[in-house]
Amino acid sequence: MLKELSIKNFAIIDELTVGFEEGLTVLTGETGAGKSIIIDAVHLLCGGRGSQEFIRHGAKKAELEGLFIITNPKHGVFNKMIDVGIEIDEESIILRRDISDSGKSVCRINGKLVTIGILREIGASLIDIHGQHESQELMDEKAHIHLLDQFAGEKIRQVKESYKELFSKYKKWIKDLATLTENEQQIAHKIDLYTFQVEEINDANLVIGEEEQLQEEKKKLQNFHKVFDKMSSAYEAILSESRGLDYIGTAMADLQDISDVDKNMLELSENVSSAFYMLQDAAYQLKSELDEMEYDSNQLQDVEDRLAFIQTLKRKYGQSIESILEYKEQISNSLEQLVNRDEQIQKMSERIRQIEKDLELEAYDLTDKRKKAAKQLSEAIMEQLQELYMEKATFSVMFHEHSKIIYNENGMDDISFYISTNVGEPPKPLTKIASGGELSRMMLALKSIFSKHQGITSIIFDEVDTGVSGRVAQAIAEKIAAIATNSQVLCISHLPQVAAMADQHLMIKKEVTGNRTYTILEEVIDDRRAEELSRMMSGAEITSATLQHSKELLKLANERKKIFRNA
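First, a word on what this report is: a plain description of the structure on this page. (Residues numbered from 1 in each chain as written. Predicted model: local features only at pLDDT ≥ 70, side-chain atom pairs only at ≥ 80, totals over all residues. Heavy atoms only, no water.)

All right, on to the overall build of the protein chain then. The number of helices and strands found in the protein chain is 18 helices and 15 strands. Here the C-alpha radius of gyration of the protein chain, 41 Å, is well above what a compact globule of 567 residues would show, namely 24 Å. Each of the three principal axes of the protein chain carries a C-alpha extent, and together these read 130 × 70 × 50 Å. Here the protein chain, with 567 residues, has 42% of them falling under the buried criterion. About 31500 Å² of surface is accessible on the protein chain, with carbon and sulfur atoms providing 48% of the total. Of note, the protein chain has its 69 positive side-chain charges centred 10 Å away from the centre of its 96 negative side-chain charges. (Helix = DSSP H or I, 4+ residues; strand = E, 2+ residues; numbered from the N terminus. Rg over C-alpha atoms; globule rule 2.2 N^0.38 Å. Buried < 20%, exposed > 50% of the residue type's maximum accessible area, 1.4 Å probe, protein only. Areas by Shrake-Rupley, 256 points an atom, 1.4 Å probe, with all protein chains shown as cover. Lys, Arg positive; Asp, Glu negative; His and termini not counted. Charge placed at Lys NZ, Arg CZ, Asp CG, Glu CD.)

Listed below in structure tokens is the structure:
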């Protein structure tokens, strides 16, 4: 549910923070007071189209923030958040959007910067906004099959999951077959290219670790003279004319002579002896290395040429010798498939035919279960329409037949919702029925059914009761209240019947201070509720008759809500 909404510098709202409760919250107020601005703010917060026109005059940016509390740990929004790398903070989800005077938006979810697309996707899982003239999921024919499946629930879930798994394999095989059956010119080109690349990499005789060894060898060759001179100098200092080792040998002998006289000299004598023999070994090793060292300018050129060749292969095939060899393995497999493609095509075609048989069985099973669910859905919606005084309306789920079966991730069904609101009129697609009171009631009937299945935490109705009155108004009020037993509902209404059903009643009004207009929101409680309902009935003047009628309306509403909650 939407727990709290903060708005700053948005339209005529300077700064406003409002808390929402569970159940039905109704927003009332005079026309132009800013009721729809609240809904506009929620719409933008959930990824709606925004512009600098929403920013309050004189401000640099508009700031919107909403706190949502999700108590169901299996709610689909959490998986969506995990998929895009957003941390989950227990039950809280905070959406924030800042719109600057340049028209750009900065969006955050739980403090993480996100794109407007991600904000819209997450927002769609939390809020469903329905206005009198706004197209919604129910008005989108592509969504009807998903709504039907949601209504069917567990009866269809396992079958659909099994079908989707099989369809995923089917798509992969079709894609692989399409790759193999490209035109001959493309295939011949690929064979030539892959053959050349495999031969070039094979001829290179690459060895893992070779490049590092070559770099080390290159470094030594480039510094040959320096190394030779320093090694020679070190040898001279130890064993040649400088006689460094001779002096240490003399020191070793002298210390040995006195070590039996002065025991303190014994350890020192042993250390000097060790140093003497270590230096002697080092001198012999230096001499051996010097005797074998021979500078060859061609060797340096060979090393540099080899390194340059490896670098060329890296630019063409990978960032390292390991990746080059991995690439060769991949194209070798592809080359084998292309060379033997006729046999591969035959095997794959046969495999696809087998999968299609299984897919057909799964798809027909889906269709059968959908048709049973469609009948139940039609009956449930017809019952809802009767309660909304649309007894003459008919509703049906239309399964469209096609000359050729086309499989997709939902099976082979192409469905849409059809309705007829008048006797003698043929059913028409729901997306093409007239707007106004009938559309509002149709939408409420559908919402009454689908609010239990869609998983939306909050539903917003923006003046969907426009154009109705009398017993229809009372029926709409009760239907909205019934929907609020499954989801939090926020409703802007001019009908006292709807306001009477509210669990939370908020009144919005405008005030002018210092030549600026401000929107103020107040919670209507206790006796003030009857007064506000009276104002909605008769206008500015509240009479004893309207006040008494309002109290009776509130009493009736409380009785009806008890029935809904105990149902």
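The 6 strands lie next to each other as S2-S1-S4-S5-S6-S7, forming an open sheet whose pairing is antiparallel. Two strands bound the open sheet, and with one partner strand each, they are strand S2 (13-19) and strand S7 (112-114). Shown here is a sheet whose adjacent strand axes are inclined to one another by a mean of 15 degrees, direction ignored. Two strands pair when backbone bridges link them, and strand S4 (residues 61-69) and strand S5 (residues 92-100) are joined in this way by 9 bridges, in the antiparallel orientation. Bridge pairing links Ile-69 to Ser-92 in S5. (Pairing = 2+ DSSP bridges. Axes fitted to C-alpha atoms, helices over the stretch in contact; angles between N-to-C directions.)

All right, on to the packing of helix H4 (residues 141-152) against helix H5 (residues 154-180) then. If you want to describe how two helices pack, look at the angle between their axes and the distance between the axes. At their nearest, the axes of H4 and H5 sit 6 Å apart, and the two run at 120 degrees to each other. With respect to each other, H4 and H5 are oriented oblique. Of the residues in H5, those in contact with His-146, Asp-149 and Ala-152 of H4 are Glu-154, Lys-155, Ile-156 and Lys-160. Taken together, the residues that form the contact of H4 with H5 break down as 2 nonpolar, 1 polar and 4 charged. (Parallel < 35°, antiparallel > 145°, perpendicular 65-115°, else oblique. Contact = heavy atoms within 4.5 Å. Nonpolar A, V, L, I, M, F, W, Y, C, P; charged D, E, K, R; others polar.)

Turning next to the sheet that holds strand S11 (residues 428-429). An order of S9-S10-S11 is seen for the 3 strands of this open sheet, with the pairing classed as antiparallel. Only two strands of the sheet have a single neighbouring strand rather than two, namely strand S9 (394-399) and S11. Against the sheet, H4 engages S9, strand S10 (415-420) and S11, with an angle of about 100 degrees to S10. Sitting on the sheet, helix H13 (residues 341-387) touches S9 and S10, and the angle it makes with S9 is about 160 degrees.

The next point concerns the environment of Gln-337. Inspection of the secondary structure assignment puts Gln-337 in helix H12 (residues 321-339). A relative accessible area of 41% places Gln-337 in the partly exposed class. If we ignore the near neighbours within four places in the chain, the residues touching Gln-337 are Leu-180 and Gln-344.

Okay, the pairing of strand S1 (residues 2-10) next. The pairing of S1 with S4 spans 6 bridges and is classified as antiparallel. Bridging from a neighbouring strand, Leu-5 pairs with Gly-66 of S4. Across 6 bridges, the pairing between S1 and S2 is antiparallel. Along S2, the bridge assignment pairs Lys-8 with Glu-15. Taking the residues between adjacent antiparallel strands as the criterion, S1 and S2 are bridged by 2 residues, where Ala-11 takes a positive phi near 55 degrees.

Next up on the list: the pattern of salt bridges. Using the criterion set out here, one finds 23 salt bridges in the structure. Across the pair Asp-176 and Lys-172 runs a salt bridge whose closest N-O atoms are separated by 3.0 Å. Linking Asp-176 with Lys-172, this pair stays in helix H5, spanning 4 residues, or about one helical turn. Taking relative accessible area as the criterion, Asp-176 reaches 29% and is therefore assigned partly exposed. With relative accessibility at 53%, the residue Lys-172 sits in the exposed group. Among the ionic pairs, Arg-560 bridges to Glu-478, the shortest N-O distance being 3.1 Å. Highlighted residues: Arg-560 in helix H18 (residues 544-566) and Glu-478 in helix H15 (residues 470-483), separated in sequence by 82 residues. Judged by relative accessible area, which is 25%, Arg-560 ranks as partly exposed. By relative accessible area, which is 17% here, Glu-478 ends up buried. (Salt bridge = Lys/Arg side-chain N within 4 Å of Asp/Glu carboxyl O.)

On to the packing of aromatic side chains. For the coordinates displayed, the defined rule picks out 8 aromatic pairs. The interplanar angle of 5 degrees and the centroid separation of 5.3 Å between the aromatic rings of Phe-10 and Phe-54 together place this pair among those described as stacked. Remark: Phe-54 occurs in the loop between helix H1 (35-45) and S4 and Phe-10 occurs in strand S1; sequence separation between them is 44 residues. Of the residues examined, Phe-10 reaches a relative accessible area of 0% and is grouped as buried. Counting every residue linked through ring pairs, the aromatic cluster contains Tyr-163, Phe-167, Tyr-170 and Tyr-407. Above the face of the Phe-399 ring, Lys-371 is positioned so that its terminal group lies 5.6 Å from the ring centre. (Phe/Tyr/Trp six-rings, centres within 6.5 Å; stacked < 30°, edge-to-face > 60°. Lys NZ or Arg CZ within 6 Å of the ring centre and 35° of its normal.)

Take helix H17 (residues 527-538) next. Over its 12 residues, H17 extends 17 Å from the first C-alpha to the last, a length consistent with the 16 Å expected when each residue adds 1.5 Å. Turning to H17, its buried residues are Arg-529, Ala-530, Glu-532, Leu-533, Ser-534, Arg-535 and Met-536. For H17, the elements touching its buried residues are strand S3 (24-28), helix H16 (496-500), strand S14 (504-513), strand S15 (516-524) and H18. Two residues or fewer past H17, Gly-539 is found with a positive phi of approximately 95 degrees. (Expected span 1.5 Å × (residues − 1).)

What follows covers the pairing of S14. Looking at chain direction, S3 and S14 are connected through 4 bridges and run parallel. The partner of Thr-28 across the bridge, within S14, is Met-507. With 9 bridges joining them, S14 and S15 adopt antiparallel strand pairing. Looking across to S15, one finds that Lys-509 is bridged to Ile-520. Counting the residues between successive antiparallel strands, the hairpin from S14 to S15 contains 2 residues, one of them, Gly-514, with a positive phi of roughly 60 degrees.

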